[in-house]
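One-letter residues, chain by chain:
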Amino acid sequence: MPIKLDELDAKLIEAAEYQFGAGDGALKWIESQVVASVGDGQRSAVEAALLRTLDRKPTRDAVEFVCRQLRIIGTPAAVPVLAKLLPEKESSHPARIALGSIGGETALDALTTALDDVDTTIATGIVVTLGDHAYQPARGAIAAQLKRKPSGEFHRLVEACVRALGILGDTATLEKLE
């Protein structure tokens, strides 16, 4: 059954106002369209509709929902929009998870680049994701996080960096920490 893109756009406009605990009928319908698009030629059109929703200043709950959908069908085309969400405390986690699911050089480079523009807590999550992907090009950026001015949850960032550098096999940097 072909995906009804006009109806999808209308439901996504409605979903942009979603608040957790409110009716989720539109969300369930959108999810069904996302799943249907996986093996369908309309996947890129569904992805584009989801990305337009993120440009509509959606609620936090709507951002989380859309990012969960992008974890399923997101491609490198979604990276620029998701990367813009990384510096914001309320949207960074779902955006990071979506980028990690997309994977590949484009998404992981966006995460690496964002390390310089985010607070310690957000950087910790990004470092964990980069380590989980064993993304070698991020080694220098991860090591540089150890030189940040300590603030907030800095100890958690240090733990994440040590873990990631261990996964990446960066024993030279780890030896300097001793």
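For the structure itself, look to the data block above.
Just so it is clear, the structure is predicted and the values come from calculations on it, not from any experiment.

Undergrad: For the pattern of salt bridges, give the residues involved together with the corresponding values.
TA: Here the structure, examined in full by the defined rule, presents 4 salt bridges. A salt bridge links arginine 52 to aspartate 9; the shortest N-O distance between them is 2.8 Å. Here aspartate 9 lies in helix 1 (residues 5–15) and arginine 52 lies in helix 3 (residues 43–54), a separation of 43 residues in the sequence. Residue classification places aspartate 9 among the partly exposed residues on the basis of a relative accessible area of 22%. We note a salt bridge from arginine 60 to glutamate 64, for which the minimum N-O separation is 3.5 Å. Note that arginine 60 and glutamate 64 are positioned in helix 4 (residues 60–73) at a spacing of 4 residues, about one turn of the helix.

Undergrad: Break down the packing of helix 2 (residues 25–37) against helix 4 for me, with residues and values.
TA: Axis separation between helix 2 and helix 4 bottoms out at 9 Å; the angle between their running directions is 15 degrees. Considering their axes alone, helix 2 and helix 4 lie roughly parallel with respect to each other. Considering the relative orientation of helix 2 and helix 4, their crossing is right-handed. Counting all contacts with helix 2, which are made through Leu27, Ile30, Glu31, Val34 and Ser37, the residues of helix 4 involved are Phe65, Gln69, Ile72 and Ile73.

So, how was this worked out
Residues numbered from 1 in each chain as written. Predicted model: local features only at pLDDT ≥ 70, side-chain atom pairs only at ≥ 80, totals over all residues. Heavy atoms only, no water. Salt bridge = Lys/Arg side-chain N within 4 Å of Asp/Glu carboxyl O. Helix = DSSP H or I, 4+ residues; strand = E, 2+ residues; numbered from the N terminus. Buried < 20%, exposed > 50% of the residue type's maximum accessible area, 1.4 Å probe, protein only. Axes fitted to C-alpha atoms, helices over the stretch in contact; angles between N-to-C directions. Parallel < 35°, antiparallel > 145°, perpendicular 65-115°, else oblique. Left-handed = near helix turned anticlockwise from the far one by under 90°. Contact = heavy atoms within 4.5 Å.

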